[in-house]
Each structure stands twice: as C-alpha cells, then as structure tokens.
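Here is how the chains run, residue by residue.
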Amino acid sequence: MLIYLIIINTFTFIVYGVDKFLAIKHYYRISEKLLYLFSIFGGALGALLGMFFFRHKTLKLKFYLVNIIFLVVWVMV
C-alpha cells in the first residue's frame, strides 16, 4: 500500500507540473476531473505539493478543499 501511495502521489505531482506547463504555453490542458480523480485515488498529498511547488490552481478554493478532504480520508484509511 505504501508503494502504491508513493507512486500515485509522485505521478499526481508530475501531472500538476505538466498541467502548469501546458497552461503557460496555452496548449490543451489536463481536465479538472482527471486532477480530482488522482486525488480521490490517493494522490491528494502529491496534488497539494504540486499546487504549492508549481503555483498551480492555488486561487481555486475548491481544489484546496477536495485535496485536503481526500488527504484526511487517505490518512484515516
């Protein structure tokens, strides 16, 4: 389980970086639904770290709340 969480969080962190890059270059973006799915499946910590590190989606309160809620859920699991 620990290895799964490390992999999904690392991948989610990278996806946030890629989405930020695509946003800067004005290319097609990764959908918000997909970003939420990564959080739901265990990547909430990677999502929060990606938000802060890449300064991406930081103005959207919904992303904070969803990621924090799922981080708490995964910690309890």
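Residues numbered from 1 in each chain as written. Predicted model: local features only at pLDDT ≥ 70, side-chain atom pairs only at ≥ 80, totals over all residues. Heavy atoms only, no water.

### Description of the overall build of the protein chain
Along the protein chain, the regular secondary structure elements total three helices and zero strands. From first element to last, N terminus to C terminus, the protein chain shows the α and β order α-α-α. Taken over the C-alpha trace, the protein chain has a radius of gyration of 12 Å; the compact-globule value for 77 residues is 11 Å, and the two agree within 12%. On the principal axes, the C-alpha backbone points of the protein chain span a range of 40 × 25 × 20 Å. Across the 77 residues that make up the protein chain, the buried fraction comes to 35%. In the protein chain, once contacts between residues fewer than 6 apart in sequence are set aside, the share between residues at least 24 apart is 66%. (Helix = DSSP H or I, 4+ residues; strand = E, 2+ residues; numbered from the N terminus. Rg over C-alpha atoms; globule rule 2.2 N^0.38 Å. Buried < 20%, exposed > 50% of the residue type's maximum accessible area, 1.4 Å probe, protein only. Contact = heavy atoms within 4.5 Å.)

### Quick look at unusual backbone geometry
At histidine 26, a residue that is not glycine, the phi angle is positive and equals roughly 60 degrees. Looking at the secondary structure, you find histidine 26 in the loop between α1 (2–24) and α2 (32–54). Residue histidine 26 is classed as exposed on the basis of its relative accessible area, which comes to 72%. Positioned with a positive phi, arginine 55 is a non-glycine residue whose angle comes to about 50 degrees. Turning to its location among the elements, arginine 55 is positioned in the loop between α2 and α3 (61–76).

### Section: the side chain of asparagine 67
Along the chain, the position of asparagine 67 falls in helix α3. Within the local environment of asparagine 67, its side chain forms a polar contact with the side chain of serine 39, the two groups lying 2.3 Å apart. If we skip the residues at most four places from it in the chain, asparagine 67 touches Tyr16, Ser39, Ala44, Ala47, Leu48 and Met51. (Polar contact = N/O pair within 3.5 Å; in protein donor to acceptor, adjacent residues only side chain to side chain.)

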